[in-house]
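Descriptive analysis of the structure
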Amino acid sequence: MKNVLVLLFALLFLTGCTYKNEALNLASYKANYPGPTAKDRSTIYLRWVKDVRTDKSSVGYLLQNGDRLATLYSDVDFADKYTEGLQYALNLAGFNTDSTARASSMVVEVYIKNIELIYNDKNFDKNLQGEIEIEVIVRRNNDVITQNFKQKGGKWIAPSFNSKDLEPFLYSLFADSINDIVSRLTRF
């Protein structure tokens, strides 16, 4: 009986401390655009947001002792979430988004090129690093302007055994990249 209890506690301990790799979700963009506003209520047409990553479900990985322990994944359609958030932030910045491509002063195309979160086992340093890479093409009159945005961040979080603990960091990268894009568009 004693051996069974020891085995039961060992099994409970080992299964309770394993990493739970669940799909990461992304909350919708909230009203937090703090940047400048459009000067003359410019019209803007968001033609599309395309996710051009080769693996659309992978959003990073977990490192342990320098080796990849697990791949972080998500079932979220980042193009849809980005479109929704960008439209909302553009409206908050004073742009008129209810127009067609012909009637707009700017036509914008957005390409999501990379989303990567890296969680490692460092104890006293930034153990969570992230990067979102976006390319924005702005067509204004006969001009075509290409802008590249890299939103990077890092922070220390308490040791975690659940991938869901990384969602707030993913959201902050997502929201910050939208704010940067809209802020830059107000300068055109």
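These numbers come from a predicted model, not from an experiment.

Turning next to unusual backbone geometry. Most peptide bonds take the trans configuration, and most residues that are not glycine carry a negative phi. One non-glycine residue, Asn65, lies in the positive phi region at around 55 degrees. Along the chain, Asn65 falls in the loop between β2 (58-64) and β3 (67-73).

Here we come to the environment of Arg184. Along the polypeptide, Arg184 turns up in helix α3 (residues 167-185). Since its relative accessible area comes to 28%, Arg184 is described here as partly exposed. Residues Arg184 and Gln147, 37 residues apart in the sequence, show an inter-C-alpha distance of 9.2 Å. Ignoring anything within four residues of it in the chain, the contact list for Arg184 reads Gln147 and Phe149.

Quick look at the nonpolar core now. With 46 residues, the main nonpolar core has Tyr82, Val110 and Ile134 as its most contacted residues. Going through the elements one at a time, β1 (44-51), β2, β3, α2 (78-92), β4 (106-119), β5 (128-140) and α3 are the ones with two or more residues in this core. The dominant element in this core, judged by the number of residues it contributes, is α3, at 10 residues. Beyond its immediate sequence surroundings of up to four residues, Ile134 is in contact with Tyr82, Val110, Tyr111, Ile112, Gln147, Asn148, Phe149 and Ile181.

Our focus in this paragraph is the packing of aromatic side chains. The relation between two aromatic rings is expressed through the spacing of the ring centres and the mutual angle of the planes. Enumeration over the complete set of coordinates arrives at two aromatic pairs. Here Tyr82 and Phe174 contribute two aromatic rings whose centre-to-centre distance is 5.6 Å and whose plane-to-plane angle is 75 degrees, an arrangement assigned as edge-to-face. Taken together, the residues span a long stretch of sequence, with Tyr82 in helix α2 and Phe174 in helix α3 at a distance of 92 residues. Both rings, one in Tyr171 and one in Phe174, keep their centres 6.0 Å apart while their planes meet at 55 degrees; by these two values the pair is tilted. In this pair, Tyr171 and Phe174 both sit in helix α3, three residues apart, roughly one turn of the helix. Neither residue differs from the other here; Tyr171 and Phe174 are each classed as buried. An aromatic cluster of three or more residues is present, and its members are Tyr82, Tyr171 and Phe174. If you follow Lys30 out to its NZ or CZ, it ends over the ring of Tyr171, 4.5 Å from the centre. Its guanidinium or amino end placed over the ring of Tyr61, Arg68 lies 3.7 Å from that ring's centre, counting from NZ or CZ.

Conventions and cut-offs
Residues numbered from 1 in each chain as written. Predicted model: local features only at pLDDT ≥ 70, side-chain atom pairs only at ≥ 80, totals over all residues. Heavy atoms only, no water. Helix = DSSP H or I, 4+ residues; strand = E, 2+ residues; numbered from the N terminus. Buried < 20%, exposed > 50% of the residue type's maximum accessible area, 1.4 Å probe, protein only. Contact = heavy atoms within 4.5 Å. Core = buried A, V, L, I, M, F, W, Y, C linked by side-chain atoms within 4.5 Å. Phe/Tyr/Trp six-rings, centres within 6.5 Å; stacked < 30°, edge-to-face > 60°. Lys NZ or Arg CZ within 6 Å of the ring centre and 35° of its normal.

In short, geometric facts, not functional conclusions.
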